[in-house]
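# Remarks on the overall topology
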Amino acid sequence: MANHEAIDKAQGRMEKTIEALKNEFVSIRAGRANAQLLNRISVDYYGTPTPIPQVGNVATPEPRMLTISLWDNSMMKEVEKAIIASDLGITPTNDGKIIRLVFPEPTAERRKELVKVAKKVAEEYKQIVRAHRRDAIEALRKDKKEGNLTEDDLASLEKDVQALTDKYGKKVDELLKEKESEIMEI
């Protein structure tokens, strides 16, 4: 693969797109407890909105349970309220020291809905990858117009950009396949 600034930039952007997709997939709850789900939920910690993992220790003692041991037990009610108000759909329980979140087993219907959501998200990220391809090709064509590339160089570099796009499109498909099997796993 030939080197060109536009290709390097596109590859960097596509790599970041894959990382963002991984983070997005983490937020699709598949019936398993995942501490990263709590990163999106903030509580008012001495006047500052703070993600729950930053106000206590989050652990996964069982596949379908998270526990939160707060560093400041006076935050217990605040954290519970934030979890109830979130889109997790889980009611926390506590024993005065630890907050427990038990994730119910999703129904077959819910699993199918989650797979549809995952497919939709994957398609959005494929579009982002294709947008990076378009930007790279536009930059290459601009370079040719300015006389920095020959017609043959442009054709070769466009093929490289397409190969890069195909590679990252496959990565999106692989991540989707992994997420689908995780969701459908009973």
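Okay, so let's go over this structure. (Residues numbered from 1 in each chain as written. Predicted model: local features only at pLDDT ≥ 70, side-chain atom pairs only at ≥ 80, totals over all residues. Heavy atoms only, no water.)

Moving on to the overall build of the protein chain. From N to C terminus, the protein chain includes 4 helices and 6 strands. Secondary structure elements of the protein chain, listed N to C terminal, follow the sequence α-β-β-β-β-α-β-β-α-α. Dimensions of the protein chain, computed from the C-alpha atoms along their principal axes, are close to 70 × 40 × 25 Å. Put simply, the protein chain has 186 residues, and 38% of those count as buried. (Helix = DSSP H or I, 4+ residues; strand = E, 2+ residues; numbered from the N terminus. Buried < 20%, exposed > 50% of the residue type's maximum accessible area, 1.4 Å probe, protein only.)

Both strand 1 (residues 42-45) and strand 2 (residues 48-51) contribute to a ladder of 4 bridges, which runs antiparallel. Along strand 2, the bridge assignment pairs Tyr-45 with Thr-48. What sits between the antiparallel neighbours strand 1 and strand 2 is a turn of 2 residues, in which Tyr-46 has the positive phi angle 50°. (Pairing = 2+ DSSP bridges.)

Within the secondary structure, Ser-42 sits in strand 1. Spatially, the C-alpha atom of Ser-42 lies 50 Å from that of Asn-148, the residues being 106 residues apart in sequence.

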